[in-house]
Structures are given as structure tokens and as C-alpha cells.
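Examination of the molecular architecture
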Amino acid sequence: MSDNLSRIYDVVVLGAGPAGENVADRTSAAGLRTVIVESELVGGECSYWACEPSKALLRPALLYAEAARMPGVGAALARPIDAGAVLAYRDRMSADWDDHDQVAWLKSADITLFRGHGRITGERRVTVETPDGPAVQLTARHPVVVCTGSRPALPPLPGMDSLRPWTSREATSARTVPSRLAVLGAGVVATEMATAWQALGSRVTLIARESRLLPRVEPFAAELVAERLRGAGAELRFDTTVTHAERAGGPDDTVHLTLSDGSRIVADELLLATGRDPRTEDIGLESVELIPGQWLHTDDTFTVPAVAGEWLYAVGDVNRRGLLTHQGKYQARIAGAVIADRARGSALDRRPWGRHLGTADLVAVPQVVFTDPEVAAVGLTTEEAERAGRPVDVVDYDIGRVAGALQYLPDYRGQARILIDPDRRVIVGATFAGPGVAELLHSATVAIIGEIPIDRLWHAVPSFPSISEIWLRLLETYRDRRR
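Residues numbered from 1 in each chain as written. Predicted model: local features only at pLDDT ≥ 70, side-chain atom pairs only at ≥ 80, totals over all residues. Heavy atoms only, no water.

Heads up, the condition is: UniProt positions are given in the numbering used here, feature names are shortened, and annotations may be inferred rather than shown by experiment.
As named in an unreviewed UniProt entry, the chain is NAD(P)/FAD-dependent oxidoreductase, taken from Nocardia fusca. In its Cofactor (unreviewed entry) section, the UniProt entry covering the chain states "FAD". Comment text from UniProt for the chain, heading Sequence similarities (unreviewed entry), reads "Belongs to the class-I pyridine nucleotide-disulfide oxidoreductase family."

Listed below in C-alpha cells is the structure:
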């Protein structure tokens, strides 16, 4: 490609989502000349089709549900949610799908941006096909960092093109509220979007091959979410699959589904929320003897060990260690420190919890599911502890018995669970389910990461009356049981 433009940088980053932006920020701050390549919007999936728009849809839904149950307030809610106003708020929180501000931030951080599709073409080399102009050949003095994220994984339904289903992108950016929405899936995207669109006026039918919602969280939390969804009017179909799907087309243009139990469903839109696949199918992995379309396995420094020379890194969803924006940012901070110190010739601190290892990926990945009620969890679940053969003491408490919870909502329903290592007497897992519990999660994360002994936690006094008093009740329950 003799007409290519060639550029040399210290670091080349593929993908300008949260993980890519944070890697580039750390390497640039360390004095390494950094370039980032993005084929869509700077800010990535989280800013425009996931975290930001989905929570903008969910926050009004959760606030309305809580207000409707509060004495002196519920009676004042004479009208349903103003869906148009919520969608406008969603647009604002998604920056109207305009990345001008994020591009300006890259410039302020002295990070070069190339718009276009980047492909690895050899060791430390990336070719960028730009939308307007010749291809650009980028060479990295140090690493190439793959931060291309993930995309919705679509099930093998026949006639997918004519079916025109929603994925998570359409579910978070739709311009109108469908009268009837069928949701295929039982995970976080399926459950959150069922919550949001049911509240905005859709009649939701959720179809899951699993026997319950949210199969990776504690069963008690999933049951509370299912109960509230049903109470809001959603229909939940478990232990079933779609055997046939077609869109009628024409003026009707409805989706017709046949389920494995023989029943039929008609909907205006179908959301497929059945997992994620890596965005690695067309980034040149074959040039370094990796398989396109597969997840990129890394060690705890986020280096890809299958490629010799410690020059290829994978950060964020693409490495499948934790498909969460905040976890991708954490990985980026670690990887940035690794890249900077390797460039300086400095030795790496490979001790657990050292600045060069992503230990939290293995021990304490926090996540909030913004359903009604919220589910917040970090560390092990009971099932995971059993599967790993790790003995734990399970401590449960009804959050609705805490004074602060009753102040929050008089009919508060929720449950908390912590898992305690009986030998080390530290917390190794925590799950909270109930309104407003998202704000409890960081204290649990700190307790697990810091390996704070139970005896020391007794001295962390919760404010009264707040929901955080649940910590005291859990510790009291554990103390009294051991007497």
C-alpha cells in the first residue's frame, strides 16, 4: 500500500470506549505518545447504547414505583409516566449520540484520534481504513492495546434479517414505546429493559430458557425482581424457548413467536438479550496467529500471552474477565501502569493487589442490576462458593426490618446476604436486594478487597436511621449464631 500514510506512536489503542479512553489517558499521562482508533462514537457502547441510556430509562421507572408506594405522595401521581419526557431525558444523558465533548477531552489529554476501522497487520502494526482518505499505517514503539469491546450475541433464529429484532442498542435508543414487547433472555439486559419498557407503557412478555431471572445472582434476589415485574404487569415465561419467529410485514408488521411449549405470542417488537460476543472478528487477529471472533485471553497484567514479545494487550469486555464498564476502567488503570513501567524498563510488582495486577477481577467484581428492586452484589455467591468447594458461613437478614429501610419505604421488601470465610473471618461475598441498595455496594467491596476482619467491622458504626444499618444487623446475626 504505497499510498499509505505512516505514523509512529509509543502506544496504539484500538477502540475509544471507556476501557480504551482510560488506557490512553494513563499512557499519555505517563509521557507516552498515544493514538486511539475508533470506528463509531468516542465513548463507546456505555455512553450511547448501554450504561448511560439504560439507566436514564430506568431511573424514572424506579423513582415512580417508589413514589407510588410512599404515603402522601402516591395519591398525587394521577397520571402514568410521561414516556416522551423520559425518552428526551435519555437522549440528553446519551449526549444526543454526539461525541463532540469526548473528542474534545481526548485532545485535552494529548491523545491523537484516528476515525476509521483498525486492523492489526503484524507485530506492533495497525492499518486504519479511514472514511475519507487513504489508509493510515500506525506503528507502536511499545504496545498495541485491543479495547474493541463486545456486541450482542444473537441466537440462531431463522429469517433474522426480515425479523428485524431489537438488540440492546435498539432497546436503549428506541424513539417510541412499543405497545407489546417480547424479550428473549433472563440476564441483566433482559431484566432491566423489561423493567424500563413495562414502566413506560409496553406490555412486556419475557421468555427465558432458564428457570428464573438473573441466573448469576442469589436466587432470593431474582425472586424479588420477578415478583415486582409480575406486579407491574409483565408476563414471565420460564423454561421455554422460541422455536419459530417471523415478522408479518405490511401495515401490521407484528412479530409472531411460537414457543417450545406450543404457545404463541404476538408482539410489536422483539428484544434479543441472550448474551455478548467479542468484537474481534475483523481486527486482524489472524496476522498474529490468533483466531478472529474469539475472546482475547490475558494474564493479570492484561497482556495476551499467546502473542510473543509482551506487545499485545486486551482490556475491557474483549478479554471476558468482567463485562462491566467500571471493571474495564479498572483494568485500563492497571494496564496503563504496566505499559508505562515496561516502557521505562522498570520491574513489575506481580504480588496480588500490586499496582500491576488486576487482582480485583478474580476476587471482587461489583455489579448493580438496576431493576425494581435493585440488586447489588460483589464477590462470591453461595452457588459459586459451593462450586469452588469453599466453606462459607451464610448470613441473611431482612432489610425491611431495618429502621432506615422503613423510612425509605413503609412497605420496604428486601434481603441482604453476606458470606464469611469461617477460618479467616473475613467477608468473601455480599448480595443486597431492595430499593436503594446500590449505594451499599461500595462498602461491601471495600470490606472484601481490604479483607477487613469481622472483629474490626464491629467498629464501623452505621448512621441511624439509614439502610446501611443492615451491616450491624448482619454482624449481630452472625455473632448470635456462633454463641
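1. Structural notes on the overall build of the chain
Filter applied, for reference: Segments assigned H or I by DSSP are reported as helices when at least four residues long, segments assigned E as strands when at least two residues long, and all are numbered from the N terminus. Here the radius of gyration uses the C-alpha set of atoms, whereas the globule reference equals 2.2 Å times the residue count to the power 0.38. Think of it in three bands: with a 1.4 Å probe and only protein chains considered, a residue is buried below 20% of the maximum accessible area for its type, exposed above 50%, and partly exposed in between. We call two residues in contact when some of their heavy atoms are within 4.5 Å. The method behind every accessible area is Shrake-Rupley, applied with a 1.4 Å probe, and residues are considered shielded solely by the protein chains displayed. In this charge count, Lys and Arg are treated as positive and Asp and Glu as negative; neither His nor the chain ends contribute. Charge coordinates come from a single atom per side chain, which is NZ of Lys, CZ of Arg, CG of Asp or CD of Glu.
Tallying secondary structure elements over the chain gives 16 helices and 23 strands in all. For 483 residues, the compact-globule estimate of 2.2 N^0.38 gives 23 Å, and the C-alpha radius of gyration of the chain, at 24 Å, lies within 12% of that figure. Dimensions of the chain along its principal axes, counting C-alpha atoms only, are 70 × 65 × 40 Å. For the chain, with 483 residues in total, the buried portion stands at 52%. Long-range contacts, defined here as pairs at least 24 residues apart, represent 63% of the contacts in the chain between residues at least 6 apart. As displayed, the chain has an accessible area near 21,700 Å², and 50% of this comes from carbon and sulfur atoms. Charged side chains in the chain number 53 positive and 63 negative. The centres of these two groups are separated by 3 Å.

2. Here's the deal with the nonpolar core
Spelled out, the test is: Nonpolar cores were defined as sets of buried Ala, Val, Leu, Ile, Met, Phe, Trp, Tyr and Cys residues, with membership established by side-chain atoms within 4.5 Å.
Core analysis: the largest hydrophobic core is formed by 38 residues, its most contacted members being W197, L206, L213 and L271. Contributions of two or more residues to this core are made by α3 (51-68), α4 (83-93), β10 (180-184), α8 (188-200), β11 (203-207) and α9 (219-232). By residue number, the principal contributor to this core is α9, which donates seven residues. Not counting chain neighbours up to four residues away, the residues in contact with L213 comprise A186, T191, L206, A222, V225, A226, L229, L236 and F238. Counting residues in hydrophobic clusters, the runner-up holds 32 residues, among them A364, V378, A416 and L440.

3. Description of the UniProt feature "domain: Pyridine nucleotide-disulphide oxidoreductase dimerisation" (unreviewed entry) in the chain
The positions that UniProt labels "domain: Pyridine nucleotide-disulphide oxidoreductase dimerisation" (unreviewed entry) are, in the present scheme, residues 365-471. Across residues 365-471 one finds 26% helix and 29% strand; the C-alpha atoms that close the span lie 20 Å apart.

4. A short note on empty space enclosed by the protein
This is how it is decided: Here a cavity denotes a set of grid points, spaced 1 Å apart and computed over the protein atoms alone, in which a 1.4 Å probe fits but from which it cannot get out, and a pocket denotes an open set meeting protein on both sides within 12 Å along at least five of seven lines; residues with an atom within 4 Å of a point are reported as lining. Grid points are joined across faces, edges and corners, and a volume is the space filled by probe spheres set on the points. Here the term charged refers only to Asp, Glu, Lys and Arg, the term nonpolar to Ala, Val, Leu, Ile, Met, Phe, Trp, Tyr, Cys and Pro, and the term polar to all other amino acids, Gly among them.
Counted by the stated rule, this structure contains two cavities of 30 Å³ or more. Estimated volume of the largest cavity: approximately 40 Å³. Among the elements that line the lining of the largest cavity, the one with the most residues is α3, at three residues. Across the lining of the largest cavity, the residue classes tally to four nonpolar, one polar and three charged. Considering only enclosed or pocket space, the second largest cavity measures out at about 30 Å³ in volume. As for the second largest cavity, its lining consists of L457, W458, A460, P462, W471, L472 and L475. Of all the elements, helix α16 (residues 470-482) adds the most residues to the lining of the second largest cavity, at three residues.

5. Here we look at unusual backbone geometry
The step from D372 to P373 runs through a cis peptide bond, and the omega angle for that step is 0 degrees. Within the element layout of this structure, P373 appears in the loop between β19 (367-369) and β20 (374-379). In this model, F464 is joined to P465 through a cis peptide bond whose omega is -10 degrees. Assignment of secondary structure puts P465 in the loop between α15 (454-457) and α16. A positive phi angle is found at R124, which is not glycine, with a value near 65 degrees. Within the secondary structure, R124 is located in the loop between β5 (117-122) and β6 (125-129). Positioned with a positive phi, R164 is a non-glycine residue whose angle comes to about 50 degrees. Looking at the secondary structure, you find R164 in the loop between α6 (160-163) and α7 (168-173).

6. Things to note about the packing of aromatic side chains
For clarity, the threshold we go by: Any two rings among Phe, Tyr and Trp, with Trp reduced to its six-membered ring, count as a pair given centres within 6.5 Å; such a pair is stacked if its planes are under 30 degrees apart, edge-to-face if over 60, and tilted if neither.
All chains considered together, the criterion is met by four aromatic pairs. For the pair W166 and W197, a centre-to-centre distance of 5.5 Å together with 55 degrees between the ring planes defines the contact as tilted. Of the two residues, W166 is situated in the loop between α6 and α7 and W197 in helix α8; the sequence distance between them amounts to 31 residues. We classify W197 as buried; its relative accessible area is 0%.

7. Considerations on α4
Operational definition: Note that the arc is defined by the directions from the helix axis to the C-beta atoms. N or O atoms within 3.5 Å of each other form a polar contact, as long as, within protein, one can give a hydrogen and the other can take it, and as long as residues adjacent in sequence are counted only when both atoms are side-chain atoms.
Within the sequence span of α4, burial applies to A83, V86, L87, R90 and D91. Looking straight down α4, one finds that the buried residues subtend no more than 145 degrees of arc, so they occupy a single side. Packed against the buried residues of α4 are α3, α7 and α8. For α4, the capping residue at the N-terminal end is D82, with a side-chain oxygen 3.2 Å from the backbone nitrogen of G84.

8. As for the UniProt feature "domain: FAD/NAD(P)-binding" (unreviewed entry) in the chain
Mapped onto this structure's residue numbering, the UniProt feature "domain: FAD/NAD(P)-binding" (unreviewed entry) falls at residues 9-326. Between the end C-alpha atoms of residues 9-326 there is a gap of 27 Å, over a span that is 30% helix and 23% strand.

9. A closer look at the sheet that holds strand β12 (residues 235-237)
Just so we agree on the cut-off: Pairing between two strands requires that DSSP report at least two bridges joining them. Lines fitted to the C-alpha atoms define the axes, with helices restricted to the stretch that makes contact. Angles between their N-to-C directions range from 0 to 180 degrees.
The strand order across the open sheet formed by four strands is β12-β11-β10-β16, and the pairing between neighbours is parallel. Two strands close off the open sheet at either side, each with one partner strand: β12 and β16 (269-272). Taken pair by pair, the neighbouring strands of this sheet meet at an average axis angle of 20 degrees, ignoring direction. Where β10 and β11 come together, five bridges link them in parallel fashion. By the bridge assignment, L184 is partnered in β11 with I207.

10. So, the layout of surface pockets
Its boundaries defined by the atoms lining it, the second largest pocket holds a volume of some 300 Å³. As for the second largest pocket, its lining consists of 15 residues, and the residues nearest its centre are A65, A199, R228, A232 and D372. Elements supplying a minimum of two residues to the lining of the second largest pocket: α3, α8 and α9. Taken together, the residues of the lining of the second largest pocket break down into nine nonpolar, three polar and three charged.

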